[in-house]
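# Summary of structural features
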Amino acid sequence: MIQGIKVVCGRAAVVVMMGAGVGLLGCSSEAFEPEGAGGAKADAGVGAGAGGEAGIGAAGSAGDSGSGGADSGAAGAGGSAGSAGSSGSSGSAGSAGSTGGSENGTQCSGGSACKSGNCVDGVCCNTKCGADCESCVATGSKGTCTPFAQGTDPDGECLGTGAPGSDCIGSCDGKSACSFPSVAKTCGTAVCTGAQSTGYACDGSGSCKAASTSCAPYNCGASACLASCTTDTHCTSGNYCASGKCVPKKTNGQVCGANNQCSSSNCVGGTCCNVASCGAPLSCSTGTCSCDGTVCKAGDSCVLWYKDADGDGHGDAKSTKHGCSSVAPVGYVANKTDCYDANANAKPGQTQFFAQHRGDGSFDYNCDNGATKQYANVTGKSCVDCHAYGNSQCSLPCGLTYLGSTLYSMAYECNGASDGSQCGGPKTQQGFHADVACGASGTLYSCSVNTCSAAEKFVATTAQGCR
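Rules of the game
Residues numbered from 1 in each chain as written. Predicted model: local features only at pLDDT ≥ 70, side-chain atom pairs only at ≥ 80, totals over all residues. Heavy atoms only, no water. Pairing = 2+ DSSP bridges. Helix = DSSP H or I, 4+ residues; strand = E, 2+ residues; numbered from the N terminus. Axes fitted to C-alpha atoms, helices over the stretch in contact; angles between N-to-C directions. Phe/Tyr/Trp six-rings, centres within 6.5 Å; stacked < 30°, edge-to-face > 60°. Buried < 20%, exposed > 50% of the residue type's maximum accessible area, 1.4 Å probe, protein only. Salt bridge = Lys/Arg side-chain N within 4 Å of Asp/Glu carboxyl O.

### Section: the sheet that holds strand β13 (residues 196-202)
- Spatially, β12-β13-β14 is the arrangement adopted by the three strands of the open sheet, whose pairing is antiparallel. Of all the strands in the sheet, just β12 (191-193) and β14 (208-214) have a single pairing partner and so form its edges. Ignoring strand direction, the axes of neighbouring strands in this sheet form an average angle of 25°.
- Taken together, the seven bridges between β13 and β14 define a ladder with antiparallel strand orientation. Its bridge partner being in β14, A201 is matched across the sheet by K209.

### Remarks on the packing of aromatic side chains
- Scanning the model with the defined rule gives three aromatic pairs in all.
- Between the aromatic rings of F354 and Y365, the centroid separation amounts to 4.2 Å while the plane-to-plane angle is 25°, which identifies the pairing as stacked. Residue F354 is found in the loop between β21 (332-333) and β22 (376-377), and its partner Y365 is found in the loop between β21 and β22; the two are separated by eleven residues along the sequence.
- Judged by relative accessible area, F354 falls into the buried class, the value being 16%.
- By relative accessible area, which is 3% here, Y365 ends up buried.
- Taken together, a centroid distance of 6.2 Å and an interplanar angle of 70° make the contact between Y445 and F458 edge-to-face. With Y445 in strand β32 (residues 441-447) and F458 in strand β33 (residues 456-463), this pair connects stretches of sequence that are 13 residues apart.
- We classify Y445 as partly exposed; its relative accessible area is 22%.

### Describing the sheet that holds β21
- The three strands are arranged β20-β19-β21 in an open sheet whose pairing can be described as antiparallel. Of all strands in the sheet, those with a lone pairing partner are β20 (316-324) and β21, marking the two edges.
- The pairing of strand β19 (residues 302-307) with β20 spans six bridges and is classified as antiparallel. For V303, the partnering residue across the bridge sits in β20 and is G323.

### Side note on the pattern of salt bridges
- With the rule as written, the count across this model stands at seven salt bridges.
- In this structure, the salt-bridge partner of D360 is R358, at a minimum N-O distance of 2.9 Å.
- For D360, a relative accessible area of 41% translates into the label partly exposed.
- Judged by its relative accessible area of 11%, R358 is buried.
- Two residues, K373 and D435, come together in a salt bridge whose shortest N-O distance is 2.7 Å.

In structure tokens:
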């Protein structure tokens, strides 16, 4: 802050305080300020008064601290005896004020000793230089914060969580930071036991960490997991060796070629089975030893059953099904004696006669492989008395009351006796006078059943029945 003007006249100097008017000829002036104040000083202007003493202009105002001021001098004040002095000349710019402190690169013990305010690595530095991997005393760059070269670590700042000398410690990246090996870098010594491999890898922070992995479906080799096999022992449990590879064992019901391919260790008839043996007619095609899909209870055997489509209790030998011996499959029976399974009347032991074929053109209703006619051809035969056979002699003639009933024994043919006599009771009591085919009709005649007459009698036109 300018507080006055120093006026020099020859060798004499006079200090004039601001605001005073002094009429001095042949004198120069300059502004002054208290000692130690920063900022520019401007020369004061001096003007000669028109009718009296010269007027002295006020000094120019000071510039901002540290920079030269360019303010012009103020107009000179009027002399006491004459008119006001002319305007003072502009003041020249003041020189920059100094703040003090050392330049960058100079040794220091604290930031207050440096112009930059930063004392780093024992020298004044252009920045605080506080990151990893940088220095302010690098060769050729002293006083300027400079990153350490990539791959170096002169200050040991990149150890991370590891120990010195570890494969996983880092180094400077050339950009004021540390760089650490990633998990792609292995460390330590890998081991492999059973089917578990334990390896070691860097963790990206400087440490070497263990990491275990399963070798499945392979077992361990000498020090690492196997990648191929030659025997099942090279594979983990539940797998077997096939064409150099460990593959999963098969479940029951899947096709197999040997026991070692099955989880159950039972390959039966080309299929993995729940039991080691499943003899025919049992089958393991479903994976469970069964009789046509049915698992039999203990003590049962697998047997053939025969279809009984007509429900007459007799099965068809040509339509079979395996089943457990204790339980017949629905619609099947144990025998195969039916000769025609589409008509319940066609069955072994049938005693009835039928005038219509059984359904396939055949009249074999009793399954004897023939057609027995109901009515015989009695042409040329007469009614005779077929004495009842008793006590090895013909002792019961027609009309005899025997055991409370009248015996009528007239017939075309007798059952015969062991002695060849016409004895033993009636055999054929009705018949046609021709050979009538099964299902055809003819005139039916009969020996009297309720008389002992030898004359036949007409019955009716009747269809020939067969069985």
